Amino acid sequence: MMQATSEQHDEYAAAISSQIKPHKGPSKPRMFKRSIKILPSKAEVRYLPPGHMRDYWLQMNVLRDGQPPISFAQFWRVWSSEFTHLKFRQESQHAQCNECIRHKMLIKEFSSHLLARREQVRLYTEHLKAQYVDRRCYWASRGLSRMKNGAHICVIIDSMDQGKTSIPRSDLTRAKDLSTLQKPKCHLTAVIVHGWFIMMCLSDADLPKNSSVMIEIMCHVLSRLQQQSCCLAQHHLHIQCDNTPREMKNNPFMKWMAAMTGQGVLRECSLQQLRSGHSHEDIDQVFGGLATFLASKGRQAQTPDDLMAVIQNFLQDYKRPYEAGRVVLKLDGARDWCLGDRMLKCCCLIVYACGH
Ligand SMILES: [Zn+2]
């Protein structure tokens, strides 16, 4: 390198820097889309499930019984100019509804069979309508609960994905040496009592997640409602839960509900589930927010108590106008409600009272 000369001008660096475009600042809102003027809209952005504009066009034409169909060009023009607030959600990794997938595949396969395809689109639309009607039942009871009219309480309960609550969490555990470390995964169950409070229960990885634990949590919810001067005996309790038979969709929980009604603790009690694959609701939105918060602010947590403090911080700033109360609990244990003779006695009494 004795003869090496230092070049004054680096041609390689100059070529690279010439390709980088200078930053222009924030972009202006789009006014035109392929010569169609986009009308200004102040509507809130709403997200549709992952899909394509074409699916909605097909469904609309099927619903226009007897009337001439609308061309896709016209549909596209109206959507692009007046419905700019509708966006499609990105494809997610979650399992999708079996029936939706089946209909979508058949519609694709029947591309050269006009009548069969039309029939499939009709059946698919009916399925979508049916799941929407289910959802409206939940929204109706949620609305009644938020009004606090003294007759209805609506509760939604679900558990979070366990992969997000593993401990210990620190920068150290990201090391390659510790990548095979088996981390205990805490259970996090959230309950939204609409119009009253949000409660999150954290339990250790070795505590089972069965119907006894769920009954324990629901009993605690009822106790808290009573403490807040809510007269439970005059209320109808609507419980919205997941589809898994391990937690609430089972005999012990039904017995508990019967016992609560039979003993006069509650006026009525009902259990509702949305159909599998269409069960995404407001509680999953809370979990989504919490997962983002844990990824950014909860990177240091050694024990379940540390994790609880992070969840507490998340809930304090979480915006939910109707639920003022925020509760984070550590669940240490649960009674065995499945074998409790008291509950069995109650059930016997109810059966006797019914005259069977
Ligand atoms: Zn479906």
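Rules behind the numbers
Residues numbered from 1 in each chain as written. Predicted model: local features only at pLDDT ≥ 70, side-chain atom pairs only at ≥ 80, totals over all residues. Heavy atoms only, no water. Salt bridge = Lys/Arg side-chain N within 4 Å of Asp/Glu carboxyl O. Buried < 20%, exposed > 50% of the residue type's maximum accessible area, 1.4 Å probe, protein only. Helix = DSSP H or I, 4+ residues; strand = E, 2+ residues; numbered from the N terminus. Polar contact = N/O pair within 3.5 Å; in protein donor to acceptor, adjacent residues only side chain to side chain. Donors = N, O, S within 2.8 Å, 3.2 Å for Na, K, Ca; no water. Tetrahedral: all angles 85-135°; square planar, octahedral: opposite > 155°, others 65-115°. Domains from an automatic or database assignment. Contact = heavy atoms within 4.5 Å. Buried area = accessible area lost by both parts, 1.4 Å probe.

Visitor: Even after reading the chapter, I still don't get the pattern of salt bridges, so can you show me in this structure?
Guide: Here the structure, examined in full by the defined rule, presents 16 salt bridges. Of the charged contacts, one joins arginine 174 and aspartate 171 as a salt bridge, the two residues approaching to 3.6 Å between their closest N and O atoms. Overall, arginine 174 belongs to the exposed group, its relative accessible area being 61%. Note that glutamate 247 and arginine 246 form a salt bridge whose closest N and O atoms lie 3.4 Å from each other. Classification of arginine 246 by relative accessible area gives partly exposed; the value is 45%. What emerges from the salt-bridge pattern is a single network uniting Arg142, Asp282, Arg320 and Glu323.

Visitor: Whenever I open this one, the side chain of threonine 165 confuses me. Can you help?
Guide: Structurally, threonine 165 can be placed in the loop between strand 5 (152-159) and strand 6 (187-193). Within the structure, threonine 165 has its side chain in polar contact with the backbone oxygen of cysteine 186 (distance 2.7 Å).

Visitor: What should I look at first to understand the coordination of the zinc ion in this one?
Guide: Tetrahedral coordination by four donors sets the ideal angle at the metal to 109.5 degrees; octahedral coordination by six donors sets it to 90 or 180 degrees. The protein atoms that coordinate the zinc ion are Cys97 (SG), Cys100 (SG), His127 (NE2) and His278 (NE2), at distances of 2.0 to 2.3 Å. Coordination geometry of the zinc ion: the four donor atoms subtend angles of 105 to 118 degrees at the metal centre, consistent with an arrangement described as tetrahedral. Positions of the donor residues of the zinc ion along the chain correspond to the pattern C-x2-C-x26-H-x150-H. Of this pair, cysteine 100 sits in helix 4 (residues 98-109) while histidine 278 is found in the loop between strand 9 (268-273) and helix 8 (282-297), placing the two residues 178 residues apart along the sequence. For cysteine 100, a relative accessible area of 7% gives the class buried.

Visitor: Looking at this model, I keep getting lost on the domain arrangement of the protein chain. Mind explaining?
Guide: Often, the extent of an interface is quoted as the loss of accessible area on bringing the components together. Under the domain assignment, the protein chain is made up of domain 1 (42-134) and domain 2 (148-354). The gap between the C-alpha centroids of domain 1 and domain 2 is 35 Å. Across the boundary between the two partners, domain 1 contributes seven residues, which contact five residues of domain 2. In total, about 550 Å² of surface goes out of reach between domain 1 and domain 2, with carbon and sulfur atoms giving 54% of it. Broken down residue by residue, the surface that domain 1 buries against domain 2 is led by Cys97, Gln131 and Asp134, which jointly contribute 66%. The tally of links between domain 1 and domain 2 comes to one salt bridge.

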